Amino acid sequence: MALRRFARRAAHITETVGVYAVLFIMVLTVIDVIGAKVFVRPVRGSTELVGFAQLVAIAGGMAMACFAGRHVALEFVVERLPQGVQRVVQGFVAVLGLLLFGLLSWQSYLYGKVLAASGQIASTARIPFYPFAYALAVLSAVTALFFAADLGRALAGERQEP
Amino acid sequence: MTPVEVGLMGIAALLILFLLRMPVAFSLALIGFLGFAHLTSFQAAASLLARDFFSQLSSYGLTAITMFVLMGSYGLMAGMGERLYTAAHRFVGSMPGGLSVATVLACAGFASISGSTTATAATMGKIALPEMRRYGYNLTLASGSVAAAGTLGILIPPSTVFLVYAFLTQQPIGALFTAGIVPGLLLTAMFAATVYLLSRWRPELAPPADPAPWGERLRAAAAAWQVIALFLLVVGGLFFGWYSPTQAGAIGAFGALLVGLFNRRITWPMLIEGTRDALRTSVMILALIAGASVFGRFMAVTRIPFLIAGWVEGLPLPPSGILLVMVLILFVGGFFMDAMALVTLLVPVLFPVVERLGFDPIWFGVLIVLTAEMGVITPPVGVNVYVIKNIAPDIALGDVFRGVMPFLVPLFLTVFLLMVFPQLALWLPSLGR
């Protein structure tokens, strides 16, 4: 339960960061449009900034979307199975999710190192790529935490949410 | 094992994971990774996984999805759904089945600011169902009409399914959005006609509401001006090429936010919660796209999509027959899968066939959306039906499913008309070229 509480708290924090990233995208884009159309001065590098902000928003919201059961999944088969079998299935899926997001986190970190070493920067915004690869690594680790907590629930014999 | 055999095993494993309730997006990414690793190397596949997620999630083109979802969320908070329903209620409420007809019209109106079937059905369900109960409407008809009319959310622009289709097939989003307008209005009219005919046939299903005086009708219509203004600003701007899809979505979201502030409906905590809700929907859609991208790389190595395209092309059927088979596949797939998942999964496989047969990709996009609409109201995975059941727990799930069945007729009819008269979809975009 402690792991689940920690994972949920971490997911809430990263999602809140994501919420502000979404608001940033909206405001920046509106300023860019008004700047370009009215003052003939668009915001320099706005498309790249918007892209990076979206990465933070979506990766940041991934774990909480899992907690909230917002990802598309086929419910109608497993829910007809006996409780014991459901728990086994839940544990198996949690292991797969943990492996997937653990791998994504690790590989994003390595990708960040490659980007940092190459000194690659966004051509207009002039900001480096690598911090966003590292951000993807950290945020994917939070989603991996969700699956670790879910595995704990399955092992403890608790039912899946929602 | 040959790459094709590995690919087929991958597809089988994917279906098993779906049945085990693993989220579709993560199943796609995992099997895509494992299959690619088997055919190339672990290192290549692992690196591809990170790079694909990085490039898809930071794609500027995909921010349009997030912005249009945000626009729908703010539009909902701004009270636009209520204003639309009140206006439609005042005008048509007193005719046979009037409140259900009003629901259909209000759903069409709300679809012009929301790109989601579930958001449209949920918004209108909360407003319209209590009103229909008050007038003694048959709950099967009442719930069925909301669930079915909610599907207009992805046909009348903006539409999240059009946005994903545009991204997957590199089609212009402005043309796709405008292509959905005429079929959307046609389907709205046919949904309304279905309610009207059912109510004429069995008047006890839908007793007429009290007629509203003309002054009240005009006041209610005037109150709905905000929706029209926002729609014209966003879709008009896209149609005339004033701004990119992301910019259109951001302007729409900002406009809806301003309307909400003007209507004194949005506070700071509500703004954060509305944005949070929009983010969760966007996460669901973008995770599907990122997962489908990884899976697509695996499929490309196996060459299965190209082989399928070649096989389908070689079938002893005319192009229209092949098209019918594809529509059937989408229709049957819709029984088991959410519209967005179905589109991300099947469009990359079917689109090469469409291109080879020379069908218009914009027109095919509208066909895809129409078949996806059927999927959201047919059992067992009729997501709109579950939305309505959630709003009105006392209505049996079977009753809601029975209630939507008559509305499949106009959906099939629209698909048929669109196949016979492609201009229904292509005329409006042709004006903008």
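Read on for an overview of the structure.

The rules we used
Residues numbered from 1 in each chain as written. Chains lettered and ligands numbered in written order. Predicted model: local features only at pLDDT ≥ 70, side-chain atom pairs only at ≥ 80, totals over all residues. Heavy atoms only, no water. Buried < 20%, exposed > 50% of the residue type's maximum accessible area, 1.4 Å probe, protein only. Helix = DSSP H or I, 4+ residues; strand = E, 2+ residues; numbered from the N terminus. Arc of directions from axis to C-beta. Contact = heavy atoms within 4.5 Å. Axes fitted to C-alpha atoms, helices over the stretch in contact; angles between N-to-C directions. Parallel < 35°, antiparallel > 145°, perpendicular 65-115°, else oblique. Buried area = accessible area lost by both parts, 1.4 Å probe. Salt bridge = Lys/Arg side-chain N within 4 Å of Asp/Glu carboxyl O. Nonpolar A, V, L, I, M, F, W, Y, C, P; charged D, E, K, R; others polar. Core = buried A, V, L, I, M, F, W, Y, C linked by side-chain atoms within 4.5 Å. Patch = residues over 30% accessible without salt bridge, like charges linked within 9 Å, V, L, I, M, F, W, Y side chains within 5 Å. Areas by Shrake-Rupley, 256 points an atom, 1.4 Å probe, with all protein chains shown as cover.

Moving on: helix 16 (residues 304-313) of chain B. Residues and elements named next belong to chain B. Among the residues of helix 16, those classed as buried are Ile304, Pro305, Ala309 and Val312. Considered in projection along helix 16, the buried side chains sweep an arc of 140° and stay on one side of the axis. Along its buried surface, helix 16 packs onto helix 1 (3-19), helix 15 (268-302), helix 17 (319-336) and helix 18 (339-357).

The next point concerns the packing of helix 1 of chain B against helix 15 of chain B. Residue and element names in this part refer to chain B. Across the interface, helix 1 lies against helix 15 with an axial gap of 8 Å and an inter-helix angle of 150°. Classified by the interaxial angle, the pair formed by helix 1 and helix 15 is roughly antiparallel. Here Pro3, Val4, Val6, Gly7, Gly10, Ile11 and Leu14 of helix 1 come into contact with helix 15, specifically with Phe295, Phe298, Met299, Val301 and Thr302.

To continue, consider the environment of B:Trp311. Residues and elements named next belong to chain B. Relative to the helices and strands, Trp311 is located in helix 16. On the basis of relative accessible area, Trp311 is assigned to the exposed category, the value being 58%. Separated by 42 residues in the primary sequence, Trp311 and Val353 place their C-alpha atoms 9.4 Å from one another.

Now for the interface of chain A and chain B. Across the contact, 60 residues belong to chain A and 62 residues belong to chain B. Summing both partners gives a buried area of about 5,400 Å² for chain A against chain B, and 77% of it is carried by carbon and sulfur. Looking only at chain A, the three residues that lose the most surface to chain B are A:Arg70, A:Val72 and A:Leu74, adding up to 13% of its buried area. Between the two partners, chain A and chain B, sit three salt bridges. Between B:Arg280 and A:Glu15 there is a salt bridge; the shortest N-O distance is 2.6 Å. Elements represented by at least two residues in the side of chain A that touches chain B include exactly helix 1 (2-37), helix 2 (46-67), helix 3 (83-118) and helix 4 (130-156) of chain A. Residue composition of the side of chain A that touches chain B, grouped by class: 41 nonpolar, 14 polar and five charged.

B:Phe26 and B:Tyr74 are the most contacted members of the largest nonpolar core, which totals 224 residues. Per element, the largest residue contribution to this core is 17 residues, and it comes from helix 15 of chain B. If near-sequence neighbours (up to four positions away) are discounted, B:Phe26 is found in contact with A:Met62, A:Cys66, A:His71, A:Leu100, A:Phe101, A:Phe147 and B:Ala287.

Its location among the elements puts B:Ser114 in the loop between helix 6 (98-111) and helix 7 (117-134). For B:Ser114, the residues in contact, after removing those within four places along its chain, are B:Gly72, B:Ala119, B:Thr120, B:Gly153, B:Ile156 and B:Pro158.

This part is about the pattern of salt bridges. One pass over the full model with this rule turns up twelve salt bridges over all chains. A salt bridge links A:Arg70 to B:Asp277, with the nearest nitrogen and oxygen atoms 3.1 Å apart. Of this pair, A:Arg70 sits in the loop between helix 2 and helix 3 while B:Asp277 sits in helix 15, placing the two residues on different chains. You can call A:Arg70 partly exposed: its relative accessible area is 26%. Ionic pairing is found between B:Arg265 and B:Glu82, a salt bridge with its closest N-O pair at 3.1 Å. On the criterion of sequence distance, the pair formed by B:Arg265 in the loop between helix 14 (245-262) and helix 15 and B:Glu82 in helix 5 (residues 80-92) is long-range, its members being 183 residues apart. A relative accessible area of 30% places B:Arg265 in the partly exposed class. Counted as one network, the salt bridges with shared partners bring together A:Glu15, B:Glu273, B:Arg276 and B:Arg280.

Our focus in this paragraph is a nonpolar patch on the surface. The grouping of B:Leu413, B:Phe416, B:Val420 and B:Phe421 at the surface amounts to a nonpolar patch, some 390 Å² of accessible area in total. Along the chain, B:Phe416 falls in helix 21 (residues 397-420).

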